[in-house]
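Structure at a glance
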Amino acid sequence: MSDDTTALVLALATQKAELRAARAEAQELLIETAVDAGEMHAQLEEVQAELAMACADRDA
């Protein structure tokens with residue numbers, strides 16, 4: 001291989017490794033976001049149930 005080809009292959013391999021690391025980080029952030037969203041959804045359901053009970057008590 002010529003020096004130019006070797007340099008290009010090395011640059012592409014480096015870029016590929018950087019992109020894989022960035023993808024792994026993005027996947028971790030997505031998982032964390034999904035977990036947080038699930039927790040927020042559960043909290044929202046609890047608040048909605050409490051509100052429904054408070055409204056029922058008020059109307060009774």
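**Here's the deal with the overall build of the chain**
Scanning the chain from terminus to terminus reveals 1 helix and 0 strands. Rg of the C-alpha trace for the chain: 26 Å, well past the compact-globule value of 10 Å for 60 residues, more than 25% over. Per-residue burial over the chain gives 0% buried out of 60 residues. Only carbon and sulfur atoms are counted for the fraction: they give 62% of the accessible area of the chain, which is about 5500 Å². Here the chain carries 4 positive and 13 negative side-chain charges, and the mean point of each set is 10 Å from the other.

**A closer look at the pattern of salt bridges**
Enumeration according to the criterion identifies 1 salt bridge in this entry. The partner of Asp59 in a salt bridge is Arg58, with the nearest N and O atoms 3.0 Å apart. Each member of the pair, Asp59 together with Arg58, is exposed.

Conventions adopted
- Residues numbered from 1 in each chain as written.
- Predicted model: local features only at pLDDT ≥ 70, side-chain atom pairs only at ≥ 80, totals over all residues.
- Heavy atoms only, no water.
- Helix = DSSP H or I, 4+ residues; strand = E, 2+ residues; numbered from the N terminus.
- Rg over C-alpha atoms; globule rule 2.2 N^0.38 Å.
- Buried < 20%, exposed > 50% of the residue type's maximum accessible area, 1.4 Å probe, protein only.
- Areas by Shrake-Rupley, 256 points an atom, 1.4 Å probe, with all protein chains shown as cover.
- Lys, Arg positive; Asp, Glu negative; His and termini not counted.
- Charge placed at Lys NZ, Arg CZ, Asp CG, Glu CD.
- Salt bridge = Lys/Arg side-chain N within 4 Å of Asp/Glu carboxyl O.

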